[in-house]
Amino acid sequence: MNRSSTFVEKYRPKLSKELVGQEKSVQEVEKFLKEFPKKKALILHGPPGVGKTTLVHAIAKENNIDIFELNASDLRNRLKLEEVLKPASQQHSLFKSNKILLMDEVDGVTGEDRGGVPELIRIIDKTAHPIIMTGNDIWDSKFSELRPKCKLVEMKSATIENLVKVINDVLRKEGVEENPHFLKQIAIKSQGDLRAALNDVQTYVLTDRSNVDFLEERHKEDSIFNILKKLFQERENHLNLFDNTSMSLDEILLWIEENIPREYKGKELARAYLALAKADVFRGRIYKQQFWRFLVYQNIFQSAGISYAKDKPKSAFTKYERPQRILKIWLNNTKMAKKKTISQKYARFVHCSTKRAMRDFYLIKKIIGQNPETIKSLQLTDEEVEFIRK
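These numbers were taken from a predicted model, which means no experiment stands behind them.

> So, the pattern of salt bridges: which residues are in play, and what are the values?
Enumeration over the complete set of coordinates arrives at 16 salt bridges. The partner of Glu 9 in a salt bridge is Arg 12, with the nearest N and O atoms 2.7 Å apart. Residue class for Glu 9 comes out partly exposed when judged on its relative accessible area of 46%. For Arg 12, a relative accessible area of 30% puts it in the partly exposed group.

Spelled out as structure tokens, the structure:
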């Protein structure tokens, strides 16, 4: 057996039909290329290890299309995009009639006003060739302006059955026979990540079975946007939906509260808010009485309760927003922090307590704001001066 290379590379699909369980994604990408420039860019998104980059290479090979591949981690800012992607989007291929610009890991592009995303949008508007981007979390707020410019195609995690099929084919080619129960254990451990499953298989083949720990699941953190999408659009119990995020149930509750009206209407909206209210009741009991056993009930109501509030699954695109309550708390904390630092400077200057300066801040603010010399003496920053004069 030749095992000098990794199974992931050795058995990487060369044709699109070899991507098991991704038939719909293949069709959508092919349709996008045929209809170009109806949409000039496509975002192929999904969890790691599902074959996003492999799919693009396979379709390009089948259609005799040249690929100009870029890794977004090397093109994080506006300057790099202007230097590399912009000219590539206008130049024709030297060897083939058509060309695809492939941007891997678009999550790495910066999103500030002077960052990569605004420049990427400008390049998309003027490109002479289709641009395909791959990413794990395209629901990040920094992509809010980019998403409408692109066709969105989701690649889902492989099912257990498909993973077992692929693993079995690989082992057969390697001349190894294994029982189906063992293959299923590897598939379950990978959590839909084909790349991880093949790595585990190779570890077993090259060493021994004892090196594969099936009790240790891979940690895959889910973004809040993916969580909300599953919660609001799928109709399932979702009791383990919040397990793969570092957010607390309380913080997730605020996100759900903010975005329920964007997904639910009428009776569905009422049922969803009733479930959320019950979750909040148990949350209150937990903090007031320290009954942490109620945490499971809070989870049930804000997961399954919200999901089953709708009559059927949904599929429309929804733009989820950050909770305004969190924003208000942050703004208030920022305001209080500035108020405190100004009070501390004033208290040192007039030899009084910070507490008293905070108490009389409304009057102090007027006095300081009308006296440039006092501002200079207190050595206030530009932000503090602006805050004083508001």
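From this point, the discussion proceeds with the structure in view.
> Can you lay out the pairing of strand 4 (residues 131-135) for me, pointing to particular residues and giving the numbers?
Burial analysis of strand 4 places five of its five residues in the buried class, which makes it a mostly covered element. On strand 4, burial covers both faces: Ile 131, Met 133 and Gly 135 on one face and Ile 132 and Thr 134 on the other are all buried. Strand direction decides the pairing type here: strand 3 (residues 99-104) and strand 4, joined by three bridges, are parallel. The partner of Leu 102 across the bridge, within strand 4, is Ile 132.

> So, the pairing of strand 3: which residues are in play, and what are the values?
Burial runs high along strand 3: six of the six residues are buried. Burial along strand 3 is two-sided: Lys 99, Leu 101 and Met 103 and Ile 100, Leu 102 and Asp 104, pointing in opposite directions, are all buried. As paired elements, strand 2 (residues 66-71) and strand 3 share six bridges and run parallel to each other. When the bridges of strand 3 are listed, Leu 70 appears paired with Met 103.

> Hey, could you go over the environment of Trp 255 for me, with residue numbers and the actual values?
As for its placement among the helices and strands, Trp 255 is situated in helix 10 (residues 249-263). As for Trp 255 and Glu 321, which are separated by 66 residues in sequence, their C-alpha atoms are 7.8 Å apart.

> Run through the packing of aromatic side chains, naming residues and quoting values.
On inspection of all chains with the given rule, the structure shows ten aromatic pairs. Ring plane angle 70° and centroid distance 5.5 Å describe the contact between Phe 282 and Phe 294, whose orientation is recorded as edge-to-face. Pair noted here: Phe 282 is in helix 11 (residues 266-289) and Phe 294 is in the loop between helix 11 and helix 12 (295-307), with a separation of twelve residues, a long-range link. Judged by centre distance (5.7 Å) and plane angle (80°), the rings of Phe 291 and Phe 294 are edge-to-face. The class of Phe 291 is partly exposed, set by a relative accessible area of 29%. Phe 294 gets classed as buried once you look at its relative accessible area, which sits at 15%. Stacked on the ring of Phe 282, the Lys or Arg Arg 285 has its end atom at 5.2 Å from the ring centre.

> Could you give an account of the nonpolar core, with specific residues and numbers?
By size, the foremost hydrophobic cluster in this structure holds 44 residues, and its most contacted members are Leu 120, Met 133, Leu 146, Phe 232, Ile 256 and Ile 306. Those elements giving two or more residues to this core turn out to be strand 1 (41-45), helix 4 (78-88), strand 3, helix 5 (116-126), strand 4, helix 9 (224-233), helix 10 and helix 11. Filtering out sequence-adjacent residues up to four positions away, Ile 256 remains in contact with Leu 228, Leu 231, Phe 232, Phe 242, Leu 276, Gln 302 and Ile 306.

> Describe in detail the environment of Val 281, supporting the description with residues and values.
Looking at where Val 281 falls in the secondary structure, it is placed in helix 11. On the accessibility criterion, Val 281 (42% relative accessible area) is partly exposed. For the pair formed by Val 281 and Tyr 297, sequence separation is 16 residues and the distance between their alpha carbons is 9.7 Å.

> Can you lay out the packing of helix 10 against helix 12 for me, pointing to particular residues and giving the numbers?
When two helices pack together, their arrangement is given by the angle between their axes and by how far apart the axes lie. For the pair helix 10 and helix 12, the least separation of the axes is 11 Å and the interaxial angle reads 25°. Overall, the two elements helix 10 and helix 12 adopt an arrangement that is roughly parallel. The handedness of the crossing between helix 10 and helix 12 is left-handed. For the pair helix 10 and helix 12, the contacting residues are Leu 249, Asp 250, Ile 252, Leu 253, Ile 256 and Ile 260 in the first and Leu 295, Gln 298, Asn 299, Gln 302 and Ile 306 in the second.

> Give a description of unusual backbone geometry that names residues and reports values.
Here the amide bond leading from Phe 36 into Pro 37 is cis, since omega sits at 10°, within 30 degrees of zero. Considering the arrangement of structural elements, one finds Pro 37 in the loop between helix 2 (23-35) and strand 1. You will see that Glu 105, though not glycine, has its phi angle at about 55°, which is positive. Take Glu 105: it is sitting in the loop between strand 3 and helix 5. Judged by its relative accessible area of 43%, Glu 105 is partly exposed. In the Ramachandran plot, His 351 falls in the positive-phi region, its phi being about 60° despite a non-glycine side chain. Inspection of the secondary structure puts His 351 in the loop between helix 13 (324-350) and helix 14 (354-359).

The rules behind each value
- Residues numbered from 1 in each chain as written.
- Predicted model: local features only at pLDDT ≥ 70, side-chain atom pairs only at ≥ 80, totals over all residues.
- Heavy atoms only, no water.
- Salt bridge = Lys/Arg side-chain N within 4 Å of Asp/Glu carboxyl O.
- Buried < 20%, exposed > 50% of the residue type's maximum accessible area, 1.4 Å probe, protein only.
- Helix = DSSP H or I, 4+ residues; strand = E, 2+ residues; numbered from the N terminus.
- Pairing = 2+ DSSP bridges.
- Phe/Tyr/Trp six-rings, centres within 6.5 Å; stacked < 30°, edge-to-face > 60°.
- Lys NZ or Arg CZ within 6 Å of the ring centre and 35° of its normal.
- Core = buried A, V, L, I, M, F, W, Y, C linked by side-chain atoms within 4.5 Å.
- Contact = heavy atoms within 4.5 Å.
- Axes fitted to C-alpha atoms, helices over the stretch in contact; angles between N-to-C directions.
- Parallel < 35°, antiparallel > 145°, perpendicular 65-115°, else oblique.
- Left-handed = near helix turned anticlockwise from the far one by under 90°.

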